[in-house]
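Here is how the chains run, residue by residue.
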Amino acid sequence: MTSRKGTLKKIGVASFIMMASVFASRIIGLFREMTIAYAGGAGGGVDAYQVAFIIPEILNHIVASGFLSVTFIPLFSAYLTRKDEKGGWKILSIVLNTFGALLFFFLLMAFCFAPQLVSMLAPGLTDPALFAKAVRMTRIIMPAQLCFFSGGLFMAVQFAREKFMIPALAPLVYNLGIILGGLLLGPRLGMEGFAWGVLLGAFVGNFLLQYIGAKKCGMQLSALISFTHPDFIKYVLLTLPLMVGLTMTFSTEILLKYFGSFLEEGSIAALNYALRVMFILVGLFGQAVGVASYPFMAKLAAKGNMDELNRLLNATLKFLILVIPVSVLFMVLGREIVFLLFQRGQFDATATQLTSQVLPFLMAGTVAFAAQTVVVRGYYAVQNTWFPALVGSAAVVISLPVFYGLMHVMGARGIALALTLGATFQTGLLFALWNRKSHNHEGHTVYLFFIKIALLSMGIGWLLFNLSRPLGHIFNGSTIPGALAMCIVTTTVFIGLFVSTGVLFKIEEIQLFTKKIMARLKS
């Protein structure tokens, strides 16, 4: 019991560090999107900038840079457990050099064939000027993937040592780099200035700082390349399904831009702005908890303690389900939130209307996106990367007709709804199959808790929606003071309803969450 409390305390500290980092990153990310919105609005230039990320994201996916913390940590931690640091640094060098060389080759090929690849991946982008901009910015952003890959390994080293502070700085510096590039170079280069900022932020935040952090952990690199090392082969087998599988985050970005390219100019931009607002909650609730809890989940799995792992997973998911009522609040205040965040400069009232119409359909999927970050880590903790990759890929393929149909019927809102339906189906299926495979006998309590919170959130949403009508007559939502007043009043009422609901219906998770927030505010 003492060991379990100690583990939960460590998770709490790590979660707080990562949650603070993710929250700060999302806030800075919002300033990044606000800067982009000011410079480009919801126009074709921003569409081209977003399309420029497709090929780099695919290259990043091929070498599974985003999964290094869940594939490399178990292998590296095994060396630390055996007190064999020399062996750990050796496998680190082999993975870094071998996959780094592979990524460099793919980058070179993609750089040469960028026009053909952009045409294939964004077929609806037919305007010659916008197409040329997308190709040029694609080539500028590409080298950043080397920084993400190597920096991901350096972060994995720090996570394995239970050091979270320097990795927590990576997204902050990355976003600041983008903002800096846009502010300094934007007046002369337009959206291309932001592309150069991507490269700057990736180098400083994801490579340089993480290299320093890993060196502080004693990292020792050597010029080794090996295709036959047993743990390199094991790493490849663990990583391969993540390379070929269509994960939720990856498919979301690609499908949004692919189908969005067929819609009117500015649709990709509007979908992206709405997605970033939704990702604030996903990051704050899901990503931070998922990243912080994974090393502890991996240790429980290594010990074969599946009962404890399931209890940890169930408790974490119940916490994440509390994002539903917050999502409802964002739905009710959608227009005011978009207006306050983005409507300035080139981002006009038309762009606000388009983005706010898309936002509710994405907010409905917040809990699915947040929960997925934790559910898949259960599979990764037991070193089963093939199963979630296959399930995820199948779910994406099944959803393609849904995207196509809803796009034609509802436009940008249809793409947003398709993303939500796909995320909900994939996360629900993965958790149901996990319960069967791991004999999670208490998994049903998560479903019951989800239904309870969803029903209560519908009631809260109905009350808030009916409150917003008279508030619209009192405050002018087309002005910053009026929109801000509506948000403050509605949020205050929401907090009262949220807290009182926890007390009235004796929902332990809401009461505990409220107590933790109050304790943090007092300290």
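Whatever comes next refers back to the structure up there.
Conventions used here
- Residues numbered from 1 in each chain as written.
- Predicted model: local features only at pLDDT ≥ 70, side-chain atom pairs only at ≥ 80, totals over all residues.
- Heavy atoms only, no water.
- Salt bridge = Lys/Arg side-chain N within 4 Å of Asp/Glu carboxyl O.
- Helix = DSSP H or I, 4+ residues; strand = E, 2+ residues; numbered from the N terminus.
- Buried < 20%, exposed > 50% of the residue type's maximum accessible area, 1.4 Å probe, protein only.
- Phe/Tyr/Trp six-rings, centres within 6.5 Å; stacked < 30°, edge-to-face > 60°.
- Lys NZ or Arg CZ within 6 Å of the ring centre and 35° of its normal.
- Core = buried A, V, L, I, M, F, W, Y, C linked by side-chain atoms within 4.5 Å.
- Contact = heavy atoms within 4.5 Å.
- Axes fitted to C-alpha atoms, helices over the stretch in contact; angles between N-to-C directions.
- Parallel < 35°, antiparallel > 145°, perpendicular 65-115°, else oblique.
- Left-handed = near helix turned anticlockwise from the far one by under 90°.
- Nonpolar A, V, L, I, M, F, W, Y, C, P; charged D, E, K, R; others polar.
- Expected span 1.5 Å × (residues − 1).
- Bend = angle between axes of the 7 residues up to and from the residue.
- Polar contact = N/O pair within 3.5 Å; in protein donor to acceptor, adjacent residues only side chain to side chain.

Caption draft 1: Spatial organisation of the pattern of salt bridges. According to the stated counting rule, one finds 7 salt bridges in the structure shown. Between Glu 85 and Arg 161 there is a salt bridge, and its shortest N-O distance comes to 3.0 Å. Of the two residues, Glu 85 sits in helix 5 (residues 85-112) while Arg 161 sits in the loop between helix 8 (144-160) and helix 9 (165-189), which places them 76 residues apart along the sequence. Note on Glu 85: relative accessible area 36%, which makes it partly exposed. The structure contains a network of salt bridges with shared partners spanning Glu 57, Glu 253, Lys 257 and Arg 276.

Caption draft 2: Main features of the packing of aromatic side chains. Inspection of the entire model under this criterion finds 26 aromatic pairs. Ring centres of Phe 148 and Tyr 174 lie 5.4 Å apart, and the angle between their planes is 75 degrees; on these two criteria the pair is classed as edge-to-face. With a gap of 26 residues between them, Phe 148 in helix 8 and Tyr 174 in helix 9 connect regions that are remote in the sequence. Neither Phe 148 nor Tyr 174 differs from the other in exposure class; each is buried. An aromatic cluster of at least three residues, connected via ring pairs, comprises Phe 72, Phe 76, Trp 89, Phe 99, Phe 149, Phe 227, Phe 232 and Tyr 235. The ring centre of Tyr 79 lies 4.7 Å from the NZ or CZ of Arg 82, which sits over that ring.

Caption draft 3: Expanded view of unusual backbone geometry. In this structure, Lys 83 takes a positive phi of about 60 degrees despite not being glycine. Looking at the element boundaries, Lys 83 is found in the loop between helix 4 (68-81) and helix 5. Phi at His 439 takes a positive value of approximately 55 degrees, unusual for a residue other than glycine.

Caption draft 4: Representation of the side chain of Asn 175 in the model. Position of Asn 175 among the secondary structure elements: in helix 9. Look at Asn 175 and you get buried, because its relative accessible area is 3%.

Caption draft 5: Region of interest: the nonpolar core. Grouped together as the largest cluster of nonpolar side chains are 157 residues, with contacts concentrated most on Tyr 49, Phe 72, Tyr 273, Leu 317 and Phe 342. If we skip the residues at most four places from it in the chain, Leu 317 touches Ala 371, Val 374, Val 375, Phe 431 and Val 446.

Caption draft 6: Region of interest: the packing of helix 15 (residues 323-332) against helix 17 (residues 349-363). One can describe the packing of helix 15 onto helix 17 by two numbers: an axis separation of 9 Å at closest approach and a directional angle of 170 degrees. Classed by the angle they form, the pair helix 15 and helix 17 counts as roughly antiparallel. Seen from above, helix 15 lies across helix 17 with left-handed handedness. Counting all contacts with helix 15, which are made through Ser 327, Phe 330 and Met 331, the residues of helix 17 involved are Leu 359, Pro 360 and Met 363. Residue classes in the contact of helix 15 with helix 17 are distributed as 5 nonpolar, 1 polar and no charged.

Caption draft 7: Structural detail: helix 18 (residues 366-381). The end-to-end C-alpha distance of helix 18 is 24 Å, a good match for the 22 Å that 16 residues give at a rise of 1.5 Å each. Remark: the principal bend of helix 18, roughly 30 degrees, maps to Gln 372. Extensive coverage of helix 18 is indicated by the burial of 16 of its 16 residues. At the C-terminal side of helix 18, Gln 383 shows a positive phi close to 60 degrees.

Caption draft 8: Layout of helix 21 (residues 443-474). For helix 21, built from 32 residues, the straight-helix expectation of 46 Å at 1.5 Å per residue is met to within 8% by its first-to-last C-alpha distance of 46 Å. Along helix 21, the positions that sit buried rather than exposed are Gly 443, Val 446, Phe 449, Ile 453, Leu 456, Ser 457, Ile 460, Gly 461, Leu 464, Ser 468 and Leu 471.

Caption draft 9: How the structure looks around the environment of Pro 325. Looking at where Pro 325 falls in the secondary structure, it is placed in helix 15. Each C-alpha atom, one on Pro 325 and one on Leu 284, is 14 Å from the other, the two residues being 41 residues apart in sequence. Discounting residues that sit within four places of it in the chain, Pro 325 has contacts with Ile 453, Ser 457, Phe 494 and Phe 498.

Caption draft 10: Quick look at the packing of helix 5 against helix 6 (residues 114-121). Look at helix 5 against helix 6: their axes get within 5 Å of each other, and the N-to-C directions meet at 80 degrees. For the element pair helix 5 / helix 6, the angle class is roughly perpendicular. Facing helix 5, whose interface residues are Ala 110, Phe 111 and Cys 112, helix 6 presents Ala 114, Pro 115, Gln 116 and Leu 117. Looking at the contact of helix 5 with helix 6, its residues break down into 6 nonpolar, 1 polar and no charged.

Caption draft 11: Representation of the environment of Asn 466 in the model. Structurally, Asn 466 can be placed in helix 21. Spatially, the C-alpha atom of Asn 466 lies 45 Å from that of Ile 55, the residues being 411 residues apart in sequence. One polar contact links the side chain of Asn 466 to the main-chain carbonyl oxygen of Trp 462, over a distance of 2.7 Å.

Caption draft 12: Region of the structure containing the environment of Ile 27. Note on placement: Ile 27 falls in helix 1 (residues 2-40). For Ile 27, a relative accessible area of 30% corresponds to the partly exposed category. The sequence separation of Ile 27 and Val 277 amounts to 250 residues, and the corresponding C-alpha distance is 9.7 Å.

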